[in-house]
Amino acid sequence: MSEAGVLRKVIGASSLGTMIEWYDFYIFGMLAKTISTEFFPEGNSTAALLSTLAIFAAGFIVRPFGALFFGRLGDLLGRKSTFLLTLVLMGGSTFLIGLVPGYQTIGIAAPLIVLLLRLLQGLALGGEYGGAATYVAEHAPPGKRGFYTSWIQTTATLGLFLALGVIMVVKMNMSDQRFNAEWGGWRYPFWFSIILVVVSVYIRLKMEESPLFARLKSEGKVAKNPLKESFRKKANFKMVLLALFGAAMGQGVIWYTGQFYAQSFLETKVALNFEQSRSILLWAILLATPFFIVFGWLSDKIGRKWIMLAGMLLGILTYRPIFNTLLTDAGTDQWNTEISNSTVQKESKPLANTSDSLIQTITHIEVSNGATYIKEQTDTLKVATGTIAEGKPLIKDKVLPRPVYWKFVGLVFLLIFYVTMVYGPIAAFLVELFPVHIRYTSMSLPYHIGNGVFGGLVPFIGVLLQTTFTTDPLVGLWYPIGIAALSFAIGLIYLSNKIDKDVTD
Amino acid sequence: MNTIRKILGVVWLLLGPVVIYFLFAGAIHNIDPHGKKDINNPVIWVIIITIFLPIAIGLMIFGWYALKGEYSRNTTDR
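Residues numbered from 1 in each chain as written. Chains lettered and ligands numbered in written order. Predicted model: local features only at pLDDT ≥ 70, side-chain atom pairs only at ≥ 80, totals over all residues.

Participant: What is the right way to read the overall build of chain A from this model?
Facilitator: Each helix and strand in chain A was counted, giving 21 helices and five strands. Computed over its C-alpha atoms, the radius of gyration of chain A comes to 25 Å, within 12% of the 23 Å expected for a compact globule of 505 residues. In terms of principal-axis extent, the alpha carbons of chain A reach across some 90 × 50 × 40 Å. Of the contacts formed within chain A by residues at least 6 apart in sequence, a portion of 81% connects residues at least 24 apart. (Helix = DSSP H or I, 4+ residues; strand = E, 2+ residues; numbered from the N terminus. Rg over C-alpha atoms; globule rule 2.2 N^0.38 Å. Contact = placed C-beta atoms within 7 Å.)

Participant: What's the story with the overall build of chain B in this structure? I'm lost.
Facilitator: In terms of helices and strands, chain B carries three helices and zero strands. Beginning at the N terminus, the succession of helices and strands in chain B can be written as α-α-α. In summary, chain B has a C-alpha radius of gyration of 17 Å against a globular reference of 12 Å for 78 residues, an excess of more than 25%. Classification of the 78 residues of chain B by burial places 24% in the buried group. Residue pairs in contact within chain B that sit at least 24 positions apart in sequence constitute 80% of those at least 6 positions apart. (Buried ≥ 20, exposed ≤ 12 C-beta atoms within 10 Å, placed from the backbone.)

Participant: Which parts of the structure should I look at to understand the interface of chain B and chain A?
Facilitator: The figure often quoted for interface size is the accessible area lost as the parts come together. In this complex, chain B contributes 26 residues to the contact, which on the side of chain A involves 22 residues. Listed by contribution, the elements that provide at least two residues to the side of chain B that touches chain A are α1 (2–30) and α2 (42–67) of chain B. Looking at the side of chain B that touches chain A, the element that brings in the most residues is α2 of chain B, giving 12 residues. Partitioned by chemical class, the residues of the side of chain B that touches chain A number 14 nonpolar, six polar and six charged. (Nonpolar A, V, L, I, M, F, W, Y, C, P; charged D, E, K, R; others polar.)

Participant: For this particular structure, what's the right way to read the packing of helix α1 (residues 3–30) of chain A against helix α10 (residues 188–205) of chain A?
Facilitator: Helices that pack against each other are described as a pair by the angle of their axes relative to one another and the distance between those axes. All names here are of chain A. Following both chains from N to C, one finds α1 and α10 inclined at 160 degrees, their axes separated by 9 Å at the closest point. Here α1 lies roughly antiparallel to α10, going by the angle between them. Between α1 and α10 the crossing geometry is left-handed. The segment α1 lies against α10, with Ala13, Leu16, Gly17, Ile20, Tyr23, Asp24 and Ile27 engaging Pro189, Phe190, Ser193, Leu196, Val197, Ser200, Ile203 and Arg204. The residue makeup of the contact of α1 with α10, split by class, is 10 nonpolar, three polar and two charged. (Axes fitted to C-alpha atoms, helices over the stretch in contact; angles between N-to-C directions. Parallel < 35°, antiparallel > 145°, perpendicular 65-115°, else oblique. Left-handed = near helix turned anticlockwise from the far one by under 90°.)

Participant: What's the story with the pairing of strand β1 (residues 339–350) of chain A in this structure? I'm lost.
Facilitator: A regular strand places its side chains so that they alternate between the two faces of the sheet. Residues and elements named next belong to chain A. Summarising burial for β1: zero of the 12 residues are buried, a small minority. Taken together, the 11 bridges between β1 and strand β2 (residues 357–367) define a ladder with antiparallel strand orientation. Within β2, the residue paired with Glu347 across the bridge is Gln360. Joining the antiparallel neighbours β1 and β2 is a turn of six residues, in which Asn353 adopts a positive phi near 60 degrees. (Pairing = 2+ DSSP bridges.)

Participant: Before we go on, may I ask you to explain the domain arrangement of chain A in this structure?
Facilitator: Residues and elements named next belong to chain A. By domain assignment, chain A separates into domain 1 (3–330 + 402–494) and domain 2 (333–399). The C-alpha centroid of domain 2 is placed 40 Å from the C-alpha centroid of domain 1. The partner domain 2 presents six residues to the seven residues of domain 1 that form the contact. Class assignment for the residues of the side of domain 1 that touches domain 2 results in four nonpolar, two polar and one charged. (Domains from an automatic or database assignment.)

Participant: Is there a simple way to think about the confidence of the model for chain B in this case?
Facilitator: Any region with low pLDDT has predicted coordinates that should not be read closely. All names here are of chain B. Overall, the prediction assigns chain B a mean pLDDT of 89, with 94% of residues at 70 or greater. Element-level pLDDT for chain B is lowest in helix α3 (residues 73–76), with a mean of 57, against a maximum mean of 94 in α1. The ipTM assigned to the predicted complex is 0.91, against a pTM of 0.90. (pLDDT = per-residue confidence, 0-100.)

Participant: Before we go on, may I ask you to explain α1 of chain B in this structure?
Facilitator: One full turn of an α-helix is made of 3.6 residues, so residues set three or four places apart face in the same direction. The end-to-end C-alpha distance of α1 of chain B is 42 Å, a good match for the 42 Å that 29 residues give at a rise of 1.5 Å each. Of the positions making up α1 of chain B, those classed as buried are Gly9, Trp12, Gly16 and Asn30 of chain B. For α1 of chain B, the secondary structure elements touched by its buried residues are α20 (458–468) of chain A together with α2 of chain B. (Expected span 1.5 Å × (residues − 1).)

Participant: Would you mind showing me how to read the packing of helix α13 (residues 234–269) of chain A against α2 of chain B here?
Facilitator: Put simply, α13 of chain A and α2 of chain B touch, their axes get as near as 10 Å, and they point 115 degrees apart. Judged by the angle between their axes, α13 of chain A and α2 of chain B are roughly perpendicular. Seen along the crossing, α13 of chain A lies across α2 of chain B with a hand that is left-handed. Taken together, the residues of α2 of chain B that come into contact with α13 of chain A (itself represented by Lys238, Leu241, Leu244 and Phe245 of chain A) are Gly58, Leu59, Ile61, Phe62 and Tyr65 of chain B. Along the lines of polarity and charge, the residues of the contact of α13 of chain A with α2 of chain B split into seven nonpolar, one polar and one charged.

Participant: Help me understand unusual backbone geometry, please; the structure alone is not making it clear to me.
Facilitator: Only a minority of non-glycine residues have a phi that is not negative, and only a minority of peptide bonds are not trans. All names here are of chain A. Despite not being glycine, Ala271 has its phi angle at roughly 60 degrees, a positive value. Looking at the element boundaries, Ala271 is found in the loop between α13 and α14 (274–288). Phi at Asp397 takes a positive value of approximately 55 degrees, unusual for a residue other than glycine. In this structure, Asp397 sits in strand β5 (residues 394–399).

Participant: Would you explain helix α16 (residues 305–329) of chain A in this entry?
Facilitator: Residues and elements named next belong to chain A. For α16, spanning 25 residues, the distance from its first C-alpha to its last is 35 Å, which sits close to the expected 36 Å at 1.5 Å a residue. The principal kink in α16, of about 55 degrees, is found at Thr318, preceding the proline Pro321 by one to four residues. On its buried face, α16 sits against α13, α15 (290–302), α17 (402–423), α18 (426–433) and α21 (478–494). (Bend = angle between axes of the 7 residues up to and from the residue.)

Participant: Got a minute to help me understand the environment of Val19 of chain B in this structure?
Facilitator: For Val19 of chain B, the location among the structural elements is in helix α1. Distance from Val19 of chain B to Ile57 of chain B, taken between C-alpha atoms, is 9.6 Å for residues 38 residues apart in sequence.

Participant: Explain the nonpolar core here, please?
Facilitator: Within soluble globular proteins, side chains that are nonpolar tend to cluster in buried spots. Residue and element names in this part refer to chain A. Of all hydrophobic cores here, the largest spans 173 residues; its most connected members are Ile27, Ala133, Val136, Ala163, Ala243, Val422 and Leu430. Residue contributions to this core peak at 18 residues, all from α13. Residues from two domains meet in this core; each of domain 1 (3–330 + 402–494) and domain 2 (333–399) gives at least three. When residues no more than four places from it in sequence are discounted, the contact partners of Ala243 are Ala248, Leu430, Leu433 and Pro446. (Core = buried A, V, L, I, M, F, W, Y, C linked by C-beta atoms within 7 Å.)

Laid out in structure tokens, this is it:
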């Protein structure tokens, strides 16, 4: 096979596996509500604790731990065998989650097994990325490392695209009741994973070990203790810290805000209808994904530093205006004068232990510009005084008119475009920062702390800020803006833009 | 530029304890056994503090290295 053919195979096999790992990791998060009902029922404190651990520990603790555990293995045994192992572990865990009977059937064993499998998923994800990025980079010719590794960088977003798409297709083909049943449609995306994993494992089995690692092994120069060398040798440890604070930390929050915070913002704050919010994200991902490759390629020409920092700066400067536009352009106040049709359903329910009753009013509203939404209001009729205590109206299921819909696609595209700037070149940047014998370990940890910890905290800190500063609906954005600004400042002052042409050292 | 890199080391060095202070203050202020939000959940705060303590210490070490001139350009060109 020609050299170009080998490289294509290396990139294809690595990217496919990494994309599947991301898909596996995302579907759990996207189906969290159904999984929670099925395995972690409300009112059971043990199940609630297990649910918290499944959601938070997998991303925050187990992912960085997986980076250390598999990074060490990758530097001791080789890249190929390690990232093959992470793929099997991830695929197996995902498939098994789809097979665990619900809490109603096997009791507390159900959430315990799901927690264990979710932690294994986090562990596997922590080990996968560093292996795939290192493997591809160590095959790439000098001057094309950014371009080749950028294919790996597309996989996190494509994994999200695949997860969104698969869930949407399943959901659109059955009723909510059938989807959410104990053995319902929500399990299909988990079962689907095993097909993807088997194909990917088959392809990866046929791959050769990274040539740089193979040479290192044949010369007997493999690190004896990669963890010790990475984190106890000052020359390496200071680069781990620089990689984390000057690049990965800022990249992590831009990455999370652009892809996940945007989605949750559209669904919860803007109150868009499920299909519309998902399809906006799908379009934006589809249009933005090629830019991972563009910026990876460009980073080979002009260096990695300025592209990544420009992505952070754009996020810092434009997040608030963009999210504010999403909020105001979908505001129903401006549509009130243009209502073309509305249907009202009223229902009265007696309140337990009192003579008062609840009056629920659901209004389906159609606006002349094509928008529709539902307004729900629950008032309390106080029989003793004959008065009505009005509840706060809740707007939900908004469907945007076409021009606004496409404007939203454009704005979310911009958010993901920033992700491509910070994320496209970062694999090559991290690979070049560390020597070959400890590369897997050293690059995996800052990457997963940046993405898993700093990125993963965006929603939590968002709620924290919102609780303290209740009047500003965009206050949650100050966390990603602040972290990106700190990372930008550190990167600007301390990072070098020099491309390391020789990664064999 | 190398002088700025060194001086800013003090900022990163001090930022570590500030982060640690806000973590504990945030936990004490928000943990509420009757609350229903994630920020009221003590388990989540334990997880976050466990993972952020070493990161904050890492930031202080980063500041210390910067102050000592470890990131001066001739040594970071690798």
